[in-house]
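Spelled out from the first residue to the last, the chains are:
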Amino acid sequence: MPPAIDAPKPAAGQLPAPAKSTPTFSPDRVTVLFVLGGPGAGKGTQCAKLVKEHGFTHLSAGDLLRAEQERPGSQFGDLIRRYIKDGLIVPMEVTVQLLENAMTDALRKTGSVTGRFLIDGFPRKMDQAHKFEEAVCPAKMVLFYDCSEEVMEKRLMERGKTSGRADDNAESIRKRFRTFVETSMPVVDYYEKEGKVIKVDATATPDSVYATTQKRLAERLGANF
Ligand code: C5P
Ligand code: MG
């Protein structure tokens, strides 16, 4: 049974942002690539390589949620913990605002008005996609890592030995797969229709998947992406 929804309440000046009609960042200055794929598809692994060799800024929605969950004084901690354990999608206002805050922080750190972001594990639900593109920044492309549940489950169970994550166990993994198929694949399908999806087979080794990733990105964004 899904956990009861506590409607997110704004933390003083932090979450959630007031409704607005124009995105905070212009796609002329800020490039956003969404990175999608089932749990254990290797999104984080590939993002780390792209950061190292191509200078993207990597923001993982799951990592930001876990950090918010642990932040002393966060009023969303318990809510996030329950949703993650059950493999459910956290109410989008929380995640969208965490991403916007992280993008603002990253740009402030570099002192630049331009930036290139890999937004990993997001959007996982259509409402997140619409809200982010309306309020934060329109996305340029979606990198989709395609992998069988059999392979992903093996990877997650292996990762669970050391990750310390409350959702890297057989029961949570089953729930996460279900959420992915029912709620997140429609997002991939939506962007596919928009012609924005770059699909990469994520079954092979990290280096081999990365080689394909680079090739596909070069085809779509130009050789010097
Ligand atoms: O991407 P990752 O596997 O780290 O996400 C862990 C969990 O965080 C998801 O199963 C989900 O409960 C939550 N999440 C979310 N919305 C996102 C990304 C993650 O609710 N866009
Ligand atoms: Mg991840």
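Residues numbered from 1 in each chain as written. Chains lettered and ligands numbered in written order. Predicted model: local features only at pLDDT ≥ 70, side-chain atom pairs only at ≥ 80, totals over all residues. Heavy atoms only, no water.

Labelled according to an unreviewed UniProt entry, the protein appears under the name Uridylate kinase, originating from Drechmeria coniospora. Quoted verbatim from the Catalytic activity (unreviewed entry) heading of the UniProt record, the comment on the protein is "UMP + ATP = UDP + ADP". Among the UniProt annotations of the protein, the heading Function (unreviewed entry) holds the following wording: "Catalyzes the phosphorylation of pyrimidine nucleoside monophosphates at the expense of ATP. Plays an important role in de novo pyrimidine nucleotide biosynthesis. Has preference for UMP and dUMP as phosphate acceptors, but can also use CMP, dCMP and AMP." (UniProt positions renumbered as here; feature names shortened; annotations may be inferred.)

A. Spotlight on helix α5 (residues 126–135). Every buried residue of α5 is accounted for by Q128, A129, F132, E133 and A135. For α5, the secondary structure elements touched by its buried residues are β1 (30–37), α4 (92–110), β3 (115–120) and α7 (170–193). (Buried < 20%, exposed > 50% of the residue type's maximum accessible area, 1.4 Å probe, protein only. Helix = DSSP H or I, 4+ residues; strand = E, 2+ residues; numbered from the N terminus. Contact = heavy atoms within 4.5 Å.)

B. Representation of the packing of α5 against α7 within the structure. Direction vectors running N to C along α5 and α7 enclose 50°, while the axes themselves pass 8 Å from each other. Between α5 and α7, the angle falls in the class oblique. Contacts between α5 and α7 involve M126, A129, H130 and E133 from the former and P186, V187, Y190 and Y191 from the latter. Its residues assigned to classes, the contact of α5 with α7 comprises six nonpolar, one polar and one charged. (Axes fitted to C-alpha atoms, helices over the stretch in contact; angles between N-to-C directions. Parallel < 35°, antiparallel > 145°, perpendicular 65-115°, else oblique. Nonpolar A, V, L, I, M, F, W, Y, C, P; charged D, E, K, R; others polar.)

C. Quick peek at the site of ligand 1. Lining the immediate surroundings of ligand 1 are 16 residues, of which R66, L88, V90, G121 and R165 lie closest. Contacts to ligand 1 include L88, whose backbone N or O atom sits 2.6 Å from an oxygen atom. Here a nitrogen atom of ligand 1 and a side-chain polar atom of Q128 are 3.2 Å apart. When isolated, ligand 1 has an accessible area of 460 Å², and the protein chains bury 96% of it. Listed by contribution, the elements that provide at least two residues to the shell around ligand 1 are α2 (61–70) and α3 (77–85). At four residues, α2 tops the list of elements feeding residues into the shell around ligand 1. (Near = heavy atom within 4 Å. Polar contact = N/O pair within 3.5 Å; in protein donor to acceptor, adjacent residues only side chain to side chain. Areas by Shrake-Rupley, 256 points an atom, 1.4 Å probe, with all protein chains shown as cover.)

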